[in-house]
Amino acid sequence: MGELPARVLTIAGSDSGGGAGIQADIKTITMLGGHAMTAITAITAQNSRGVDAVRVLGAELVIAQIDAVARDFGLDAIKIGMLGSPEIAEALADWLVAHPGVPVIFDPVMIASSGAVLANPATIAAFKRLMACATLVTPNLPELDALGGEAAVLELAPALLIKGGHAGGDTVTDRLVTREGEIARWSDQRIDSPHSHGTGCTLSSAIATLLGQGVPLEQAVERARTFVRLALRDAPGFVASNGPMGHQNVRNDALAPGWHLNQITLGATDYAASVTFYRALGLTQIVDSPDNGYARFEADNGATLSIHVGQGTGGAMAYLECADLDARVSALASEGFAIDQMPRDESWGWREARLSDPAGNVLCLYFGGENRRYPPWRIATD
C-alpha cells in the first residue's frame, strides 16, 4: 500500500448550494489528494442569491465531532472556517490548546459573498484565542480591519496571509507576512468570473491540505492560490452570478506531491493531417500553431498530447510535472543522473528541465502551474 493521504479536518458551516463551507472544503481536500473529515458548526439554507436560514449547532456537538475523528483517524492538519457562535469559538480554542502540534489554518469568516453576516461581534471577539492557536490566519481586507489590522493579528498568530481581492483593480495581490516581516507576495491578473463563491474556503482548505502533506508554508500558499485560480477559471456557470467554482476540473496540475505524467509530444510530418486525425479521435484541440508545426490536444481527464512537425516519425517526448521541480532535479543530479537541461523558465510559461533515459528517450521535467491548462497562447475551445 502506498503512502496514506493527509488527514485534514475542516471545521465549518454547511453550504446547501455546495459552493462554499464544508462542501468546498471536502472538494478541495479530495482533489489535492487528502482525506477530508468534518465538524459541522452550522447548517445553512442558501443558494447563489443569499442565505435563507441558519441553524447553529451547540458547541458540545461540534467538539464531539472533532473528538470522534481525532481519536480514531488522527489529524495532519485543521482548517477552521465559519463558527457561528462565541461558544463554539471558545470551546474550539480550549480543544486546540489541549491538542497542540497540528498545523491550523484559521479563515476568520464573517460575511458570506452574498452579504449575509456569519459572525456577530461576540464571535469575532472570541477569534483572538483561535488566532493564538493558528499556524496561519487568512483574512480578506474587510476581515483584517475587523480583527484590528496586520499588527494586531501578528501579536497573536505567527503568520498572516492578507488576501487582496477586495482591493479592486485588474491585479490581485496577496501577501504572506510573519512577525519578521513580509516573506512573499503574489500579484496576478484578476480572473473576470462572476462565480467566486467559496474562494476563501477553498484557499484555506487547500493550504491546510498541503501543509498536512508536509509542504512548507510559502510553497503551500503558492500552490493553493493556483488551485483557486484554476477552479475560478473552470466554474461551471449554473447560475448568473455568485455560483460555485469548478473544483472538480482542477486536474493534473502538480499541486499535490509526486510526479504527474500528463503530456506526450509525438513527431509529425503533415500538420493538417495530424490535427484532423486527433480531432476526429475525439480530443479537444487547445493549441493551434501551424507556423511552428505544433498543436496540442486535451483528453477528458485533463492529460494532454501534442504533435510537432520536424520531431521525426516515431520520435516522442514524455512530460513529467512536479510542483517542486528545482528541488527534485537537484536531487536527481546529486544521485548521478545526467541532466541535459537544468530548470529554466521558458517563453510559454513553463519551467522545464530535460534528461534522457537509457534508451535515449527524452523526458521533460516541468512545472506549468496555472499555465499548465491556461497558457496565454491557448486557443478558444468553446
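Our subject is the structure listed above.
Residues numbered from 1 in each chain as written. Predicted model: local features only at pLDDT ≥ 70, side-chain atom pairs only at ≥ 80, totals over all residues. Heavy atoms only, no water.

A. Highlighting the side chain of Gln 341. Here Gln 341 is to be found in strand β15 (residues 339-345). The class for Gln 341 is buried, based on a relative accessible area of 13%. Side-chain polar atoms of Gln 341 contact the side chain of Arg 344, separated by 3.3 Å. Filtering out sequence-adjacent residues up to four positions away, Gln 341 remains in contact with Glu 346, Glu 352, Ala 353 and Arg 354. (Helix = DSSP H or I, 4+ residues; strand = E, 2+ residues; numbered from the N terminus. Buried < 20%, exposed > 50% of the residue type's maximum accessible area, 1.4 Å probe, protein only. Polar contact = N/O pair within 3.5 Å; in protein donor to acceptor, adjacent residues only side chain to side chain. Contact = heavy atoms within 4.5 Å.)

B. Structural detail: helix α1 (residues 21-31). Turning to α1, its buried residues are Gly 21, Ile 22, Ala 24, Asp 25, Thr 28 and Ile 29. The arc that holds every buried residue of α1, seen down its axis, measures 160°, which confines them to one face. Residues of α1 that are buried make contact with β1 (7-15), β2 (35-47), β4 (77-80), α7 (199-212) and α8 (217-233). Note on α1: the residue one or two positions beyond its end, Gly 33, has a positive phi of about 90°. (Arc of directions from axis to C-beta.)

C. Molecular detail of the pattern of salt bridges. Tallied over the entire structure, the rule returns 17 salt bridges. For the salt bridge of Arg 7 with Asp 76, the shortest nitrogen-to-oxygen distance reads 2.9 Å. Of this pair, Arg 7 sits in strand β1 while Asp 76 sits in the loop between α2 (59-72) and β4; the two residues are 69 residues apart in sequence, bridging distant segments of the chain. Note that Arg 351 is salt-bridged to Asp 326, the shortest N-O span being 2.9 Å. Note that Arg 351 is positioned in strand β16 (residues 351-356) and Asp 326 in helix α10 (residues 325-334), a separation of 25 residues in sequence. By relative accessible area, which is 24% here, Arg 351 ends up partly exposed. Among the charged side chains, a salt-bridge network with shared partners connects Glu 150, Arg 175, Glu 182 and Arg 185. (Salt bridge = Lys/Arg side-chain N within 4 Å of Asp/Glu carboxyl O.)

D. Quick peek at the sheet that holds strand β14 (residues 316-321). Pairing is mixed across the open sheet formed by eight strands, whose spatial order is β11-β12-β13-β10-β14-β17-β16-β15. Both edges of this open sheet fall to β11 (284-289) and β15, since each of them pairs with a single strand only. Going from strand to strand, the sheet's axes swing by 20° on average, the running direction of each strand aside. Bridge analysis of β15 against β16 gives four bridges, and the strand direction is antiparallel. Pairing of Ile 339 across the sheet is with Leu 355, part of β16. Across the sheet, helix α9 (residues 271-281) lies against β10 (260-268), β11, β12 (294-298) and β13 (304-309), angled at about 5° from β12, the strand it touches most. Seen against the sheet, α10 touches β15, β16 and β17 (362-367) and runs at an angle of roughly 160° to β15. (Pairing = 2+ DSSP bridges. Axes fitted to C-alpha atoms, helices over the stretch in contact; angles between N-to-C directions.)

E. Region of the structure containing the environment of Ser 306. Considering the arrangement of structural elements, one finds Ser 306 in strand β13. The contact partners of Ser 306, leaving out residues within four places of it in the chain, are Gln 263, Ile 264, Thr 265, Leu 266, Tyr 294, Ala 295 and Arg 296. Of the polar contacts made by the side chain of Ser 306, one reaches the side chain of Gln 263; its length is 2.9 Å.

F. Structural detail: unusual backbone geometry. Even without a glycine there, the phi angle at Asn 242 is positive, about 60°. Mapped onto the elements of the fold, Asn 242 is located in the loop between α8 and β10.

G. Representation of the nonpolar core. Judged by nonpolar contacts, the single largest core of 37 residues is most densely connected at Leu 9, Ile 11, Ile 66, Ile 78, Ile 80, Leu 83 and Leu 130. Looking at which element gives the most residues to this core, the answer is helix α3 (residues 86-98), with six residues. Setting aside residues up to four positions removed in sequence, Leu 130 forms contacts with Ile 80, Leu 83, Ala 89, Leu 92, Ala 93, Leu 96 and Phe 106. Ile 105, Leu 161, Val 215 and Ala 224 belong to the second-largest nonpolar core, a separate cluster that totals 32 residues. (Core = buried A, V, L, I, M, F, W, Y, C linked by side-chain atoms within 4.5 Å.)

H. Region of the structure containing the packing of aromatic side chains. Evaluated as defined, the whole model comprises six aromatic pairs. Centre to centre, the rings of Tyr 319 and Tyr 366 are 5.8 Å apart; their planes meet at 85°, and the pair counts as edge-to-face. Placement of the pair is Tyr 319 in strand β14 and Tyr 366 in strand β17, with a sequence separation of 47 residues. Under the relative-accessibility criterion, Tyr 366 is labelled buried at 0%. Between Trp 350 and Tyr 366, the aromatic rings sit 4.2 Å apart at their centres with planes inclined by 20°, giving stacked as the arrangement. Note that Trp 350 is positioned in the loop between β15 and β16 and Tyr 366 in strand β17, a separation of 16 residues in sequence. Both residues of the pair, Trp 350 and Tyr 366, count as buried. Among the aromatic residues, those joined into a cluster by ring pairs are Phe 277, Tyr 278 and Phe 297. Over the aromatic face of Trp 259 sits the side chain of Arg 328, whose NZ or CZ is 5.1 Å from the ring centroid. (Phe/Tyr/Trp six-rings, centres within 6.5 Å; stacked < 30°, edge-to-face > 60°. Lys NZ or Arg CZ within 6 Å of the ring centre and 35° of its normal.)

I. Expanded view of the side chain of Ser 289. With respect to the element layout, Ser 289 can be found in strand β11. Here Asn 292 takes part through its side chain, which lies 2.7 Å from a polar atom of the side chain of Ser 289. Setting aside residues up to four positions removed in sequence, Ser 289 forms contacts with Tyr 271 and Tyr 294.

J. Expanded view of the pairing of β4. On β4, burial covers both faces: Ala 77 and Lys 79 on one face and Ile 78 and Ile 80 on the other are all buried. As judged from the four bridges shared by β1 and β4, these two strands associate in the parallel manner. If you follow Thr 10 over to β4, its bridge partner there is Lys 79. Sheet analysis places β4 next to strand β5 (residues 104-106), joined by three bridges and oriented parallel. Bridge assignment links Ile 80 to a residue of β5, and that residue is Phe 106. Each parallel crossover has a hand, and for β4 linked through α3 to β5 it is right-handed. (Right-handed = clockwise from strand over helix to strand, strands pointing away.)

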